[in-house]
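# Fold and contact review
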Amino acid sequence: MDVESCRSYVDELYSSDFQKCMDAIICLKNAVIGSNKQKGNVIAQGVVNRLMQLLQDSSLPIELRSEAAVTLGSLAKGTESHVKQLIDVGLAPLILNCILTSSEPKLIDICLRCARSLFVHPHAPIDLIYSEKQIIPHLLGLAMQSIPNQICVTTILGASCKTPDNQAYLCDQGAIYTLAALLCSQHDSVLMPTLGCIANMSYQNANVSSIIAIASFGGKSVPDLLVHLMARDRSSEMQLSSAKCLTYLHRAGAIAAEDPKILYKTLPCLVVLCKKERPCQQRIAAAETIAYLTEVNTELQRLASISNQLIPTLASMLHCPPEANNNNSVVHDPRVSANMKQAAFRAFASLGANDEDIRKRIIETERLMDEVVSGLEDSDENVRVSAVRCLHSLSRSVQQLRTTFLDHSVWKPLMALLQGASEDVLSVASSTLCNLLLEFSPAKEPILESGAVDLLCSLTHRANPALRLNGIWALMNMAFQAEQKIKLQILNTLGTDQIFRLLSDSEVNVLMKTLGLLRNLLSTKPHIDHIMSLHGMEIMQAVTLILDGNHCPEVKEQALCILGNIGDGESAKDYIMSNDDMLKKLQDYMSHSNVKLQIAAIFCISNLVWKDESGSAERQAKLRDMGVVKILQQLSMTSDSILFDKVKLVMTQFSEA
């Protein structure tokens, strides 16, 4: 029966006659079961509010309220749009209130099923779960009463656990111990949402994960229970969910990488789940979990790379064939294909993050670099981001920068990618560009010719600190041992005003790379003298700004090294020697408590007094009169071998003058 044929029943929903109202609800219930079209019609006719009124009226018979709840629950199993409309009219708080206040088990069960459908929606009002102190304890208590309740409660709590505060609150309310007990359930329908909830609670939360790792039930710890659920006789979905939980516990620091549960259970399980015979969605999830598991640990990267042909298995995901559906007809979903590529690129990025041999094996995999270059031009932004992350990881290889990267001209799609890209793409792509601009990279020259200076200088103006850092870092690499015309291009495009802004940046890494850029610009005597003749006053002001500022020793060391480079010029030396205030600063840093600052200051003094250079006698005399030699004599008693050698060298220059 469709809704249109029982329009009179809609009117009778508002009847005060119990039986007429009951018949109307049953009519609607039967009409909407299994039909999204009819669900949409009922919602459009505006009867949801009436059903809600009936549900919350405790004076009505429980049978009527239960039928209203069943109908609302059926509507909540409709499309995402249907559920969003139910959420918008306030069904979620009403359902939660019924769960909290009702004493009727049947009504509570119905409302729990409805709540489960509501709270898995992306726009679910999850804050409601945490709005009153009694809600979560009440839900945890209900979970102990029946298997359907366990399914609903774990699903609701898992879907509602999205922030560190949510994780901590669930932990404080004892959810972990309930979940530990449910891990011993004999029902997969209970185990799967339980695993999902544990995964969400442990993700990137060290405190909660440490508690999960020591929680136990029946004499077995949660990690041991998770390992048990990864056994081969379990469904592949359960193995994957269990492996994900252990992965999150490891990454949160609760389980060491060397633990056999990670090395010999979790990692091998995930590798097997990436195999070609597995369903695409499963392979995607397994590869993404491998990427996260191995992202920061060199030993896990090494072990994964040699495990069960993982590298060729991941490579096969980059050109995954169509998949057969339930009717054995071949289907091709572009979204699935994109997700496969995205997951494979992420896994390759993690595997190749640290080890040169692994990077070499990845790059030498047939068609791999072609797929990476193709991924940079993919229409799907997520694929582009993952491909460039993979490229960034592989670009750490000096050998590959000189060979494979040159052969594939990867800089071309990379530069194209940087034009008008989103911040996510821009951040990773500019990081990769930093590596391609290293002095030994053959791609450096063509990248320069394609307008990289303007692009990188523009990045230093961005609000995103990561983009500013990548922009200045790449410019620093570009300036290393560069021709004078390139250095001047960088300096003129960036501008001294922007350099000062970057030297005042709140991000210390941006500041450090800006100082590194100045060091690289001020190298090679002719370059030093020419650049100082153009911008000497501004550069000296910049150095003074750092030396007088409240900065850490590492930052001030860079500023002193810039002074040392200036002192290596011929005419540039005068910018220091004519500045008595700067000379006094050098003296002070020679006597500093930090050895690295002392060494950097003496490096500058050494360049100023070098005896073979014109005017050295006059410079030595001035510094001697200022008391520099006396300080050097005092420092000759140092126990630091590096400082002693630097002092000895400078003293030799003075003594032979």
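Here, every reference points to the structure presented above.
So, a few notes on the structure that sits alongside this text. (Residues numbered from 1 in each chain as written. Predicted model: local features only at pLDDT ≥ 70, side-chain atom pairs only at ≥ 80, totals over all residues. Heavy atoms only, no water.)

### Overview of the overall build of the chain
- What the chain contains, in helices and strands, is 42 helices and 4 strands.
- The C-alpha radius of gyration of the chain comes to 34 Å, more than 25% above the 26 Å expected for a compact globule of 657 residues.
- For the chain, the spread of C-alpha atoms along the three principal axes comes to 115 × 50 × 50 Å.
- Taking all 657 residues of the chain together, the buried fraction comes to 55%.
- A separation of at least 24 residues holds for 68% of the contacts in the chain among residues at least 6 apart in sequence.
- About 28400 Å² of surface is accessible on the chain, with carbon and sulfur atoms providing 49% of the total.
- Computed over 59 positive and 69 negative side-chain charges, the separation of the two mean positions in the chain equals 3 Å. (Helix = DSSP H or I, 4+ residues; strand = E, 2+ residues; numbered from the N terminus. Rg over C-alpha atoms; globule rule 2.2 N^0.38 Å. Buried < 20%, exposed > 50% of the residue type's maximum accessible area, 1.4 Å probe, protein only. Contact = heavy atoms within 4.5 Å. Areas by Shrake-Rupley, 256 points an atom, 1.4 Å probe, with all protein chains shown as cover. Lys, Arg positive; Asp, Glu negative; His and termini not counted. Charge placed at Lys NZ, Arg CZ, Asp CG, Glu CD.)

### Focus on the layout of surface pockets
- Taken as a whole, the largest pocket spans an internal volume of roughly 570 Å³.
- Lining the largest pocket are 22 residues, and of these Ala291, Glu295, Arg346, Ser350 and Arg389 lie nearest its centre.
- Put simply, the parts of the chain that give the lining of the largest pocket at least two residues each are helix H16 (236-251), helix H18 (280-294), helix H21 (334-351) and helix H24 (381-394).
- Among the elements that take part in the lining of the largest pocket, H24 stands out by supplying 6 residues, more than any other.
- Its residues assigned to classes, the lining of the largest pocket comprises 9 nonpolar, 7 polar and 6 charged.
- What the second largest pocket holds in volume is close to 310 Å³. (1 Å grid on protein atoms, 1.4 Å probe; cavity = no way out; pocket = protein on both sides within 12 Å on 5 of 7 lines; lining within 4 Å. Points joined across faces, edges and corners; volume = space filled by probe spheres on them. Nonpolar A, V, L, I, M, F, W, Y, C, P; charged D, E, K, R; others polar.)

### Quick word on the side chain of Thr460
- Within the element layout of this structure, Thr460 appears in the loop between helix H30 (452-459) and helix H31 (465-479).
- On the basis of relative accessibility, which here comes to 2%, the residue Thr460 falls in the buried class.
- Reaching out from Thr460, the side chain makes a polar contact with the backbone oxygen of Cys457 at a distance of 2.6 Å.
- In contact with Thr460, other than residues within four places in its own chain, are Arg468, Gly471, Ile472, Leu475, Leu494, Gln498 and Leu502. (Polar contact = N/O pair within 3.5 Å; in protein donor to acceptor, adjacent residues only side chain to side chain.)

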